[in-house]
Each structure stands twice: as C-alpha cells, then as structure tokens.
Amino acid sequence: MKLEQVLNQQIANWNVLYTKLHRFHWYVKGPHFFTLHAKFEELYEEAAANMDELAEQLLANGGKPISTLKEYLQFATIEETTEALTAEEMVQAIVNDYSLIIDELKSGVQVAEQNNDDVTSDMFVDLIGKLNKHNWMLKSFLQA
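Quick look at the structure, then. Not measured: the values here are computed from a predicted model.

1. Regarding the environment of Glu89
Then step 1. Its place among the elements puts Glu89 in helix H4 (residues 87–114).
Then step 2. The exposure class assigned to Glu89 is partly exposed, which follows from its relative accessible area of 40%.
Then step 3. Distance from Glu89 to Thr68, taken between C-alpha atoms, is 28 Å for residues 21 residues apart in sequence.
Then step 4. From its side chain, Glu89 meets the backbone nitrogen of Thr86 in a polar contact 2.8 Å long.

Below, the structure written as structure tokens:
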C-alpha cells in the first residue's frame, strides 16, 4: 500500500469516527450520561484534530486527501453505527474502532519508514500512543 493510501484511509476512518462519536454524544443515555456525554465530545474534538493533521501531512507530502462523505465511507475500514446502543455498547464500539486503527497505524509506520518519511512515521506512533491510552481507560470503564 502506498503512503498516500495509508493516509487517506486514516482520514476516512477519522471522519467516520468523528460522526460516530458525535452520534454517541447525542444519544447516550443512562446513569453514565454525564461522564460519557463529555468524554464523547472530547474524543470527537480530538478526532477532528487528527483528521486535519493527517490531511495536512498528506498535502505537505504532495498528495491529495480525500474530502467527501462518499469517499470517507468508501475508504474507511471502520463502519457507521446506526442502531440504538447502550452506553456500554457505545464504549465497546469505540474500543473496537481504536483497536483497528492502532493495527492500521502500525502497518502505516512501516510504510512511512520504507518511504523515509520520519514525520509521518512519528505522527502515526504518537497516535498509537494516544489510542492505547484511550483504550486502557475505556476498557477500565467497561470493567466497572
């Protein structure tokens, strides 16, 4: 896979995830409402920043980031969630998505290194670190 494809897949995933997190922010219910309502907002704001940073890195490399909803859905490996979920199911869905993104970022690090692109590689490594921490916290919430 080419580095531009890796970056565009990440852009697509983060856009789908942004929408999913926003949806969860609006629809979460139950005793964890206040905690998760705020957490999902924090995570969708982070997702927006991530997609922007990835797109700008692709542009800096001379590539063309995808930029339409149709393309995001076409290239994303994570999926939208349309069914009603419990608060715990929402958290598990985010853990699953983050885990998939982590695996893809690990492969992306190798592609970036093969292309002698330390900046993109470092960006991917930083994202892996953030997502590992998020997953640890979200999994801890699920074990409560």
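2. Topic: the packing of H4 against helix H5 (residues 118–142)
Then step 1. In the contact formed by H4 and H5, the axes pass within 9 Å of each other and the chain directions differ by 160°. Judged by the inter-axis angle, H4 sits roughly antiparallel to H5. Crossing of H4 against H5: the hand is left-handed.
Then step 2. Grouping the amino acids of the contact of H4 with H5 by side-chain chemistry returns 17 nonpolar, eight polar and four charged.

3. Focus: unusual backbone geometry
Then step 1. In this model, Asn116 sits at a positive phi of 55°, which is unusual for a non-glycine residue.
Then step 2. Assignment of secondary structure puts Asn116 in the loop between H4 and H5.
Then step 3. Accessibility expressed as a relative area gives 69% for Asn116, which makes it exposed.

4. Examining a negative patch on the surface
Then step 1. Where like charges cluster on the molecular surface, the negative patch consists of Asp52, Glu53, Glu56, Glu113, Asp118, Asp122 and Asp126.
Then step 2. Only helix H2 (33–60) and H5 provide two or more residues apiece to the negative patch.
Then step 3. If you trace the backbone, Asp52 turns up in helix H2.

5. Structural notes on the side chain of Asp97
Then step 1. Mapped onto the secondary structure, Asp97 falls in helix H4.
Then step 2. Reaching out from Asp97, the side chain makes a polar contact with the side chain of Lys20 at a distance of 2.6 Å.
Then step 3. Leave out the neighbours within four places in its chain, and Asp97 touches Leu17, Lys20 and Ile78.

6. Quick notes on the packing of H2 against H4
Then step 1. As a packed pair, H2 and H4 sit with axes 12 Å apart at the nearest point and diverge in direction by 25°. Considered as vectors, H2 and H4 are oriented roughly parallel to each other. Viewed along their axes, H2 and H4 form a crossing whose handedness is left-handed. Residue-level inspection shows Leu36, Phe40 and Leu43 of H2 in contact with H4, the latter providing Ala87, Met90, Val91, Ile94 and Tyr98.

7. Things to note about the pattern of salt bridges
Then step 1. Applying the stated criterion to the full structure yields two salt bridges.
Then step 2. As a salt-bridge pair, Glu42 and Lys39 come within 3.1 Å of each other at their nearest N and O atoms. Note that Glu42 and Lys39 are positioned in helix H2 at a spacing of three residues, about one turn of the helix.
Then step 3. Using a relative accessible area of 39% as the deciding quantity, one classes Glu42 as partly exposed.

8. A short note on the packing of aromatic side chains
Then step 1. Evaluation of the coordinates by the stated rule reveals four aromatic pairs.
Then step 2. Relative to Phe34, the ring of Phe33 has its centre 5.2 Å away and its plane inclined at 80°; by these criteria the two rings are edge-to-face.
Then step 3. Relative accessible area serves as the criterion here: at 72%, Phe34 is assigned to the exposed category.
Then step 4. One residue, Arg23, lies across the ring of Tyr27, its end atom 5.1 Å from the ring centre.

About the thresholds
Here the residue numbering is sequential within each chain, running from 1 through the sequence in written order. Restriction of local features to residues with pLDDT of at least 70 applies here, the model being predicted, together with a cutoff of 80 or more for giving and counting side-chain atom pairs; totals for whole chains, interfaces and linings are based on all residues. Side-chain calculation: all heavy atoms of the structure are included, whereas hydrogens and water are not. Strands are runs of DSSP state E lasting at least 2 residues, helices are runs of H or I lasting at least 4, and numbering of each runs from the N terminus. Type-normalised accessible area, obtained with a 1.4 Å probe on protein chains alone, sets the label of each residue: buried when under 20%, exposed when over 50%, and partly exposed for intermediate values. What qualifies as a polar contact is a pair of N or O atoms within 3.5 Å, subject to a donor-acceptor requirement within protein and to the restriction that residues adjacent in sequence count only when both atoms come from side chains. Interaxial angles span 0 to 180 degrees and are taken between N-to-C directions of axes, which are lines fitted to C-alpha atoms, for helices over the stretch in contact. Here the word oblique covers every angle except those under 35 degrees (roughly parallel), over 145 (roughly antiparallel) and from 65 to 115 (roughly perpendicular). Should the near helix be turned counterclockwise from the far one by less than a right angle, the crossing is left-handed, whereas a clockwise turn marks it as right-handed. Amino acids are sorted into nonpolar (Ala, Val, Leu, Ile, Met, Phe, Trp, Tyr, Cys and Pro), charged (Asp, Glu, Lys and Arg) and polar (every other residue, Gly among them). Think of a patch as exposed residues, more than 30% relative accessible area, with no salt bridge, where like charges cluster within 9 Å and nonpolar side chains (Val, Leu, Ile, Met, Phe, Trp, Tyr) cluster within 5 Å. Values of accessible area rely on a 1.4 Å probe in the Shrake-Rupley scheme; residue burial ignores everything except the protein chains shown. Counted as salt bridges are all cases of a side-chain nitrogen of Lys or Arg within 4 Å of a carboxyl oxygen of Asp or Glu. Charge counting follows a simple rule: Lys and Arg are positive, Asp and Glu are negative, and His as well as the terminal groups are ignored. A single reference atom marks each charge: NZ on Lys, CZ on Arg, CG on Asp, CD on Glu. Contact criterion: two residues are considered in contact whenever any of their non-hydrogen atoms come within 4.5 Å of each other. Ring geometry is summarised as follows: Phe, Tyr and Trp rings, the Trp one being its six-membered ring, pair when their centres sit within 6.5 Å, and such pairs are stacked at plane angles under 30 degrees, edge-to-face over 60 and tilted between the two. Any Lys NZ or Arg CZ that is within 6 Å of a ring centre and within 35 degrees of that ring's normal is treated as a charge sitting over the ring.

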